[in-house]
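Results of the structural survey
Here is what each chain is made of, one letter per residue.
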Amino acid sequence: MGSGQKTWGTPHHVLIFPFPFQGHITPMLKLAEVLSLSGIRVTFLNTHHNHRRLLSSPGVGARLASRPGLRLRSIPDGLPEDNPRGLTEATEIIAAFDATAPPLYRDLLSSGGADHDGAPPVTCVVADGLLRFAVDVAEEMGVPIFAFRTCSSSSFWAFHCIPKLIETGVMPFQDGCDLDEPVACVLGTESFLRRRDLPSFCRTKDSDDPNIRFLMDLTENSTRYRGVVFNSAEFAESIVLSHIRGKVRSTYPIGPLHGLLQAVEHSTGAVGDGGGDGIPSSDSTSLWQEDRACMEWLDARPTASVVYVSFGSVVPLGKEQLLELWHGLVNSGYHFLWVVRPDMIVDGGVPAVVAAGREERGFLAEWAPQQEVLGHPAVGCFLTHSGWNSTLEGMWAGVPMVCWPFVSDQLITSRFVSEVWRIGVDIKDTCDRAVVEKAVREVMAGERSAQMRAAAASISKTARESVEVGGSAFKNLERLIRDIIKSINS
Ligand code: UDX
């Protein structure tokens, strides 16, 4: 990496273990690729279900096979193959995985992999912070472990502040409490945060909510790791990161990881075969088949004329919500490209009005090559659920956003988009066609549009600088690699 030294001849072998959701697999697989290009041997541990889906995307298997010292392994997730695996099933997924994975993970740590392919034993783990058993088993086996958090640092910090939120009476939420009341104990007295911007789990009325206990438990666990890796960046969350630094052993903000991977590919000469915005076309980490016809549709549209609409990999939509969003988009007068996953509409399929009207203004895709879409010149606005990966991808591309956050960290991220980075409009807690129309118009051509576009262009430039050699993400990566190597002997 920094020194250009390769370490495959040495016993460094990192196991990377994500929570089995797309939003977790994507950044952690990028980290696996970055480490492998930096000379560290890596095993990426997926579930059988997701492993199969990942490798069915064209070009992905070949790309991953070409990464030096990277091997893919998978274990069952404990659910029948045809079991749905969306947000609604999250508790079921966690329970099944908690019951199934620990012995297999323990075996992998003790044998270095059951297939005896000559790889040295695993010497260090980077595990998703949501996998509680990962740190228990690693400690028991004496294997150093780092946590990877896929959420924004601000939501990680908000979870850390839950005891203070309870102490100061902000939580649990009382009936009729003022959602617009500023909350001072998370980021300080000048806080722009309101009660409604806290991660959605904080909205509980139950002082003994199991989700809250789970989150507090995860946060307390953070001190057990050698450090916490964030797919975040100093330029975006420096104040929050400075709060976190006193609470965990080390922090490694190395995001946006898709950008860092590109920079490492360039610095090591491992550049792919070319795609939109310099991203290799086989850069995908998608579990769904990407509909590439949408790229041709975009090619035929003028610059900054299209609204790209995507709510990530797990958000479910009710038919009513879909219709409000649809009418808002149609009424805005702009063309739009909308990702409607096959499992997305909870109470039936795509309504007839949407199916019939799509040719007129909108292109519906079941799954799109999102990073390429955002990098396409025709895209002028991103209507997003403010998932952390999507937010970073939007920032990287310099595309201003309309934020319709749905759950968890998305609620705090959307506030940062509108109030801190000033690159978009936050419409949380409303799903009304008039509001959607107004927000889209505001971002596309309203009074503040030019300001938002300029801020988005500036943050994109800063993000790109941060991943280059000498930039903050690149330096944090070098420190992470040094600490992984050091951890073997300490
Ligand atoms: C979730 C949370 O929202 C996120 O904040 C958390 O930290 C990780 O898990 P998800 O809801 O799926 O993830 O959203 P997001 O984080 O934005 O990740 C979605 C990923 O899917 C993005 O990398 C996006 O590029 C990709 N995607 C989405 C596609 O490649 N194509 C699509 O059509 C839609």
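As the structure is a computational prediction, the values presented were derived from the model and not from experiment.

A few points about the confidence of the model for the chain
When pLDDT is averaged across the chain, the result is 92; 94% of the residues are at 70 or more. The complex prediction reports pTM at 0.95, with the ipTM value standing at 0.99.

Section: the site of the ligand
Contacts to the ligand come from 25 residues, most closely from Gly23, Gly312, Gln370, Gly387 and Ser390. Residue composition of the shell around the ligand, grouped by class: eight nonpolar, 15 polar and two charged.

Quick notes on the sheet that holds strand β10 (residues 362-365)
Read across the open sheet, the six strands follow the order β10-β9-β8-β11-β12-β13; overall the sheet is parallel. Both edges of this open sheet fall to β10 and β13 (424-426), since each of them pairs with a single strand only. Adjacent strand axes in the sheet meet at a mean angle of 15°, parallel and antiparallel pairs treated alike. Each of β8 (306-310), β11 (379-384), β12 (401-403) and β13 touches helix α17 (residues 433-445); the most contacted strand, β11, lies at about 145° to it.

Section: the nonpolar core
Core analysis: the largest hydrophobic core is formed by 141 residues, its most contacted members being Ile16, Leu337, Val402 and Val440. With eight residues, the single largest contributor to this core is helix α1 (residues 22-37). If we skip the residues at most four places from it in the chain, Val440 touches Val307, Gly328, Leu329, Ser332, Tyr334, Cys381, Leu383 and Val402.

As for helix α19 (residues 472-487)
With 16 residues, α19 should cover 22 Å at 1.5 Å per step; its first-to-last C-alpha distance of 22 Å lies within 8% of that length. For α19, the full list of buried residues reads Ala473, Phe474, Asn476, Leu477, Leu480, Ile481 and Ile484. Projected down its long axis, α19 shows its buried positions confined to an angular sector of 160°, all on one face. Residues Arg482 and Lys486 are exposed on α19 and point more than 90 degrees away from its buried face.

As for the pairing of strand β2 (residues 41-47)
Of all the seven residues making up β2, seven are buried; the element is thus mostly covered by neighbouring parts of the structure. Side chains of β2 alternate between two faces, with Arg41, Thr43, Leu45 and Thr47 and Val42, Phe44 and Asn46 buried alike. Relative to β2, strand β1 (residues 13-17) runs parallel, the two being bridged by four bridges. When the sheet's bridge partners are listed, Val14 is paired in β2 with Val42. Read as a crossover between parallel neighbours, the route from β1 over α1 to β2 is right-handed.

Things to note about the sheet that holds strand β5 (residues 145-149)
Spatially, the seven strands line up as an open sheet ordered β3-β2-β1-β4-β5-β6-β7, and their pairing is parallel. In the strand order of this sheet, the two ends are held by β3 (70-75) and β7 (251-253), each with one partner. Taken over all neighbouring pairs, the strand axes of this sheet differ in orientation by 20° on average, direction set aside.

The rules behind each value
Residues numbered from 1 in each chain as written. Predicted model: local features only at pLDDT ≥ 70, side-chain atom pairs only at ≥ 80, totals over all residues. pLDDT = per-residue confidence, 0-100. Near = placed C-beta within 6 Å. Nonpolar A, V, L, I, M, F, W, Y, C, P; charged D, E, K, R; others polar. Pairing = 2+ DSSP bridges. Helix = DSSP H or I, 4+ residues; strand = E, 2+ residues; numbered from the N terminus. Axes fitted to C-alpha atoms, helices over the stretch in contact; angles between N-to-C directions. Contact = placed C-beta atoms within 7 Å. Core = buried A, V, L, I, M, F, W, Y, C linked by C-beta atoms within 7 Å. Buried ≥ 20, exposed ≤ 12 C-beta atoms within 10 Å, placed from the backbone. Expected span 1.5 Å × (residues − 1). Arc of directions from axis to C-beta. Right-handed = clockwise from strand over helix to strand, strands pointing away.

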